[in-house]
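Examining the three-dimensional arrangement
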Amino acid sequence: MSTHVITSLTLDTLDQLSAHARRCVFWEMDPGALHDARGFCDQEFEKEAWLSMVMLEWGSCGQVAIRDGKPLGSALYAPPRTIPRAQLFPTSPVSSDAVLLTSLRLEPSGIEEELGPSLLAAVVTDLVRRGVRALEAFGIRSDGLGPASDVASATAALECSPAECMISAEFLEDYGFEVVAPHHRYPRLRLELNRDHEWKVDVEEALDRLLKAAALEMVEISELARV
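The shown structure was predicted, so the numbers you read here are calculated from the model rather than taken from an experiment. (Residues numbered from 1 in each chain as written. Predicted model: local features only at pLDDT ≥ 70, side-chain atom pairs only at ≥ 80, totals over all residues. Heavy atoms only, no water.)

**What to know about the overall build of the chain**
Put simply, the test is: What counts as a helix is a DSSP run of H or I of at least four residues, what counts as a strand is a run of E of at least two, and both are numbered from the N terminus. Each residue is assigned to one of three classes by its accessible area relative to the maximum for its type, calculated with a 1.4 Å probe on protein chains only: buried under 20%, partly exposed between the two thresholds, exposed over 50%. The contact criterion used is simple: two residues touch if any of their non-hydrogen atoms lie within 4.5 Å. Only the protein chains shown count as covering a residue, and every accessible area follows the Shrake-Rupley method with a 1.4 Å probe.
When helices and strands are tallied, the chain shows eight helices and nine strands. Considering the chain as a whole, with its 227 residues, one finds that 44% of them fall into the buried category. Taking the contacts inside the chain whose residues are at least 6 apart along the sequence as the reference set, 71% of them involve residues at least 24 apart. In the structure as shown, the chain presents an accessible area of about 12,200 Å², 55% of it carried by carbon and sulfur atoms.

**Section: helix H3 (residues 43-57)**
Formally: What a helix should span is 1.5 Å times the count of its residues minus one. Nitrogen and oxygen atoms within 3.5 Å of one another constitute a polar contact, given that in protein one can donate a hydrogen and the other can accept it, and given that sequence-neighbouring residues count only through two side-chain atoms.
Along its 15 residues, H3 runs 21 Å from first to last C-alpha, staying within 8% of the 21 Å computed at 1.5 Å per residue. Residue Asp 42 occupies the N-cap position of H3, its side-chain oxygen lying 3.3 Å from the main-chain nitrogen of Glu 44. Taken from the residues just after H3, Gly 59 is the one with a positive phi, measuring 115 degrees.

**Focus: the environment of Cys 24**
Following the sequence through the fold, Cys 24 ends up in the loop between helix H1 (19-23) and helix H2 (31-36). According to the relative accessible area criterion, Cys 24 is buried, its value standing at 6%. Sequence separation of Cys 24 and Lys 47 is 23 residues, and the distance between their C-alpha atoms is 6.9 Å.

**Remarks on the nonpolar core**
Using the following cut-off: Residues belong to one nonpolar core when they are buried, are Ala, Val, Leu, Ile, Met, Phe, Trp, Tyr or Cys, and are joined through side-chain atoms within 4.5 Å.
Core analysis: the biggest nonpolar cluster contains 27 residues, and Trp 27, Leu 51, Phe 138 and Met 166 have the highest contact counts within it. For this core, the elements supplying multiple residues, two or more each, are H3, strand E3 (70-78), strand E4 (98-106) and strand E5 (134-140). Of the residues forming this core, the biggest block, four residues, is contributed by H3. Aside from chain neighbours lying at most four places away, what touches Met 166 is Phe 26, Trp 27, Phe 89, Phe 138, Gly 139, Ile 140, Ser 161 and Tyr 186. Among the nonpolar cores identified, the runner-up in size contains 26 residues, and Tyr 77, Ile 167, Phe 171 and Leu 189 belong to it.

**Considerations on the state of the cysteines**
To be explicit about the condition: Any cysteine sulfur atom paired with another within 2.5 Å is treated as part of a disulfide.
All chains considered together, the criterion is met by zero disulfides. This cysteine, Cys 24, is not joined by any disulfide, and Cys 160 carries the nearest cysteine sulfur, 3.3 Å off.

**Overview of the pattern of salt bridges**
Test applied: Within this document, salt bridges are pairs made up of a side-chain nitrogen of Lys or Arg and a carboxyl oxygen of Asp or Glu, the two lying within 4 Å of each other.
For the coordinates displayed, the defined rule picks out 12 salt bridges. Each of Asp 97, Arg 133, Glu 136, Arg 188, Arg 190 and Glu 192 takes part in salt bridges that share partners, so that together they form one network.

**Focus on the confidence of the model for the chain**
Cut-off, in case you're wondering: The predictor attaches a confidence to each residue, called pLDDT, with possible values from 0 through 100.
For the chain, the mean per-residue pLDDT works out to 84, and 75% of the residues sit at or above 70. Counted against residues more than four places away or in other chains, residues 145-149, with its pLDDT under 50, gives six contacts.

Here is the structure:
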């Protein structure tokens, strides 16, 4: 079986998003406008227009995991000023120095491979290299009516809702986010993107280069031994 690949989302690769991720506008449209336009709104068109606007003004705003051309999952993020719903939570606003992580969605095969942490790491790596100071997210906790899943499934019900389109606060806390605005249902969490993250990325890349060089050297030594 071929391995998955995680790449930055571009205008040419929007079709690598899952069906739900392409049409979900939970974050990208004002809830009032979305309600008024119910039945008349082409959500996939609106989502593509939003993605295009953010990418043209700010750059890539997503990481996508694919295998053999099929989507396994995605993570989307952007400056909070571009995200209408970011102003409407009881724990708003997002800090002025932070980018907002809005969604982290996986297909069933992506859940099986536990790609959530890998997608989150790809987001962090991208933002550290772009000089962003922090990543924030509005998490969701169970309200007693049903559990908030760790990572939303892209093939779950197509209707957008907080439980369907937000990230579990517990998942975010497990991977280093800290609550900066407490709330029983919608806490706002923050991950500092300091030099430690950049150092880790640099070290991992250096180790990868050393391991590849060592493997090549072993191959050369083996070939010389046979001669």
